[in-house]
Amino acid sequence: MVVKSESKSRSLYSNRNLWSGILFGIGLIAFIDEAVFHQLLRWHHFYDKSTTDIGLISDGLFHAFSWFATIGGLFLFADLRRRNALWITRWWGGVLLGAGGFQLYDGIIQHKLMRIHQIRYVENVFIYDLVWNTIAVLTIIIGLILVARTRNRLQRGKDLSYEYQ
Amino acid sequence: MNISKYFDHAAETYNFTAIGINTQLFLALPFMLALVMYILAVILSNRRHKPWPMYCIVYWIFGVFFATIAVAGPLANRATVDFTVHMFGHLFLGMLAPLLMALAAPMTLMLRTLSVPSARRLSRVLRSWPLRMFSHPVLASVLNIGGLWLLYTTNLYSLMHENILLYLIVHIHVFLAGYSFTVSMIYIDPIPHRTPFLYRAIVFVVALAGHGILAKYIYAHPPKGVPVDQAQLGGLIMYYGGDMIDIVIIFILCLHWFKATRPQIRLAESQ
């Protein structure tokens, strides 16, 4: 066989499709957070005096990781394309999972527990938190559905691994 | 003179002294020498080999330029009294100049210029344990980011402006640590003891995080002798400026990974 069919190679690289999506999703949502909420709307503050030490560290690590993940995720995407193994539905599942997961972590752990900054400095910030985290949960649910629907059937995976050894 | 009056005033305010012309020349001279030697090496080696790429020469010239304006001239003068200018100088000397100079592949140029026996001796030096150690991602990151933490969270920053020797050591360290950090992450020149992509990626993320955390720390806790508004602006410049330069390193690191993992055409499959 000269060229692997797309459906077979994408099954082989099913995990890479998922991880490429997750990494890009984390990077994308972090970028939107920075561009829209920090720079354009100026709702988020660069630094909040009530930030805990662990909040500062968590924010620094996630900021650095998301910066790397955006580029790394897109190179993985290019890698899947050149291997003719891109599974776009599964990739989008990963994107939504990564984006929703990071938004939920940001909304619950970083904003509320570590107090790195609030969504907006207004009185009824609770409503903002509610909308923020609800969107995060919905994004995760849609991502999970897409990932579940593109799961390899076990039997097929076994057959393939024999074929390409 | 107006300028000296300005510096007297500044020295009064911050208890800093302006950096003398000798110190500036001493720091700028090695970079000038590096520029001359690079151009000479290009001319000499082009006689025997195919022409050295123009873009490498451009990288080197801009690298030397940014390093030089950070240690000598108006920017370096202003940096002693204005923390935001200091931070631009730091970005130039510790990040942008090392990146541009690493992209110019100076070791490759040197190896092709030297005679074979000298080139062999040079590559033995490159493989020696001290250079191996300093080009290791973890040690390079600790020296680079750890050095910055030491500079901005202790009295070192204000002491540096009172003691010429400390000033020299800090500036030489910032450049050398920045250079060894860059070459430990992206392999443009031949480098002994290569480490895997994932390993470098993880160390890089931790180092970048250390840089960002320090930038926010400076924003919240100004170093001794630095006014709050300058510390805040300086922290922002460090945070976003660092991101801008590091995105180039991340891109090159990922591009090298992308090329190295190119799918191989298997003979068995094509038959």
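About the thresholds
Residues numbered from 1 in each chain as written. Chains lettered and ligands numbered in written order. Predicted model: local features only at pLDDT ≥ 70, side-chain atom pairs only at ≥ 80, totals over all residues. Heavy atoms only, no water. Helix = DSSP H or I, 4+ residues; strand = E, 2+ residues; numbered from the N terminus. Buried < 20%, exposed > 50% of the residue type's maximum accessible area, 1.4 Å probe, protein only. Contact = heavy atoms within 4.5 Å. Areas by Shrake-Rupley, 256 points an atom, 1.4 Å probe, with all protein chains shown as cover. Buried area = accessible area lost by both parts, 1.4 Å probe. Salt bridge = Lys/Arg side-chain N within 4 Å of Asp/Glu carboxyl O. Polar contact = N/O pair within 3.5 Å; in protein donor to acceptor, adjacent residues only side chain to side chain. Nonpolar A, V, L, I, M, F, W, Y, C, P; charged D, E, K, R; others polar. Core = buried A, V, L, I, M, F, W, Y, C linked by side-chain atoms within 4.5 Å. pLDDT = per-residue confidence, 0-100. 1 Å grid on protein atoms, 1.4 Å probe; cavity = no way out; pocket = protein on both sides within 12 Å on 5 of 7 lines; lining within 4 Å. Points joined across faces, edges and corners; volume = space filled by probe spheres on them. Expected span 1.5 Å × (residues − 1). Phe/Tyr/Trp six-rings, centres within 6.5 Å; stacked < 30°, edge-to-face > 60°. Axes fitted to C-alpha atoms, helices over the stretch in contact; angles between N-to-C directions. Left-handed = near helix turned anticlockwise from the far one by under 90°.

Chemist: How should I be thinking about the overall build of chain A in this particular structure?
Modeler: When helices and strands are tallied, chain A shows 6 helices and 0 strands. For chain A, the N- to C-terminal ordering of α and β elements is α-α-α-α-α-α. For chain A, the residues scored as buried account for 48% of the 165 residues in total. Sequence-distant contacts in chain A: of pairs separated by 6 or more residues, those separated by 24 or more amount to 83%. Accessible area of chain A: about 9,000 Å², with a carbon and sulfur share of 66%.

Chemist: Explain the interface of chain B and chain A here, please?
Modeler: It is common to report an interface's size as the accessible area lost on association of the parts. Taken residue by residue, the interface counts 30 residues in chain B and 26 residues in chain A. Of the roughly 2,800 Å² buried at the junction of chain B and chain A (both faces included), carbon and sulfur atoms supply 74%. Here chain B is connected to chain A by 1 salt bridge. Between chain B and chain A we count 10 residue pairs in polar contact (both at pLDDT 80 or more) in total. Of all elements in the fold, only α12 (197–220) and α13 (228–260) of chain B reach the threshold of two or more residues within the side of chain B that touches chain A. At 14 residues, the largest contribution of residues to the side of chain B that touches chain A is made by α13(B). Here the residues of the side of chain B that touches chain A are counted per class, giving 22 nonpolar, 3 polar and 5 charged.

Chemist: Sorry, what's going on with the nonpolar core here?
Modeler: When a protein is soluble and globular, its nonpolar side chains tend to lie buried together. By size, the foremost hydrophobic cluster in this structure holds 84 residues, and its most contacted members are B:Y38 and B:Y152. At 13 residues, helix α5 (residues 83–103) of chain B tops the list of elements feeding residues into this core. The contacts of B:Y152, once residues within four sequence positions are left out, are B:F83, B:H86, B:M87, B:H90, B:Y157, B:L214, B:I218 and B:P223. A:I22, A:I26, A:A30 and A:V147 belong to the second-largest nonpolar core, a separate cluster that totals 8 residues.

Chemist: Explain the confidence of the model for chain B here, please?
Modeler: Detail in the predicted coordinates should be disregarded across regions flagged by low pLDDT. Residue and element names in this part refer to chain B. Confidence in the prediction for chain B averages 89 pLDDT; 91% of positions are at 70 or higher. Confidence, read as mean pLDDT per element, is least for helix α1 (residues 2–14) in chain B (45) and greatest for helix α3 (residues 54–71) (97). Residue range residues 1–15 is modelled with pLDDT below 50. Its contacts to residues more than four positions away, or to other chains, number 13 contacts. We note a pTM of 0.87 for the whole complex and an ipTM of 0.83 for its interfaces.

Chemist: How should I be thinking about the layout of surface pockets in this particular structure?
Modeler: Where empty space is left can be seen by rolling a probe of water-molecule size over the atoms. Residue and element names in this part refer to chain B. Empty space within the largest pocket amounts to approximately 1,200 Å³. Secondary-structure elements contributing two or more residues to the lining of the largest pocket are α2 (21–46), α3, α5, α6 (106–113), α7 (116–126), α8 (129–134) and α11 (164–185). Grouping the constituent residues of the lining of the largest pocket by class yields 36 nonpolar, 5 polar and 1 charged.

Chemist: I'm lost on helix α5 (residues 125–149) of chain A in this one. Help?
Modeler: An α-helix turns once every 3.6 residues. As a result, residues three or four positions apart point the same way. Residues and elements named next belong to chain A. Taking 1.5 Å per residue, 25 residues should reach 36 Å; α5 reaches 37 Å between its end C-alpha atoms and fits that length. Of the residues making up α5, those classed as buried are V125, D129, W132, N133, A136, T139, I140, G143, L146 and V147. Looking at the buried residues of α5, the elements they touch are α2 (14–40) and α4 (88–113).

Chemist: What is the right way to read the confidence of the model for chain A from this model?
Modeler: Residue and element names in this part refer to chain A. Looking at chain A, the pLDDT average stands at 85 and 89% of residues meet or exceed 70. Within chain A, the element-level pLDDT minimum falls on helix α6 (residues 154–163), averaging 46, and the maximum on helix α3 (residues 53–82), averaging 93. Ignoring residues within four places in sequence, the model shows residues 157–165, a span with pLDDT below 50, making 9 contacts including any to other chains.

Chemist: Please explain the packing of aromatic side chains as it appears in this structure.
Modeler: Where two aromatic rings form a pair, the distance of their centres and the angle of their planes describe that pair. Residues and elements named next belong to chain B. Summed over all chains, the structure comprises 28 aromatic pairs over all chains. Their ring planes at 70 degrees and their centres at 5.4 Å tell us that F65 and F66 sit as a pair that is edge-to-face. The buried category is assigned to F66, whose relative accessible area is 17%. With a centroid separation of 6.0 Å and 90 degrees between ring planes, the pair formed by F83 and Y152 is classed as edge-to-face. Note that F83 is positioned in helix α5 and Y152 in helix α9 (residues 137–153), a separation of 69 residues in sequence.

Chemist: What's the story with the environment of B:S184 in this structure? I'm lost.
Modeler: Residue and element names in this part refer to chain B. By the element assignment, S184 lies in helix α11. The exposure class of S184 is buried, given its relative accessible area of 0%. Sequence-wise, S184 and T261 are 77 residues apart; in three dimensions their C-alpha atoms are separated by 20 Å. If near-sequence neighbours (up to four positions away) are discounted, S184 is found in contact with S135, H136, P137, A140, I191 and R200.

Chemist: What should I look at first to understand the environment of A:E123 in this one?
Modeler: Residue and element names in this part refer to chain A. Here E123 shows up in the loop between α4 and α5. Residue E123 is classed as exposed on the basis of its relative accessible area of 84%. Separated by 43 residues in sequence, E123 and L80 place their C-alpha atoms 47 Å apart.

Chemist: So what exactly am I meant to see when it comes to the packing of α9(B) against α11(B) here?
Modeler: A pair of packed helices is characterised by two quantities: the angle between their axes and the separation of those axes. All names here are of chain B. With their axes 8 Å apart at the nearest point, α9 and α11 run at an angle of 145 degrees to one another. Seen along the crossing, α9 lies across α11 with a hand that is left-handed. Facing P137, A140, S141, L143, N144, G147 and L151 of α9, the residues of α11 in contact are V170, H173, A177, G178, S180, F181, S184 and M185.

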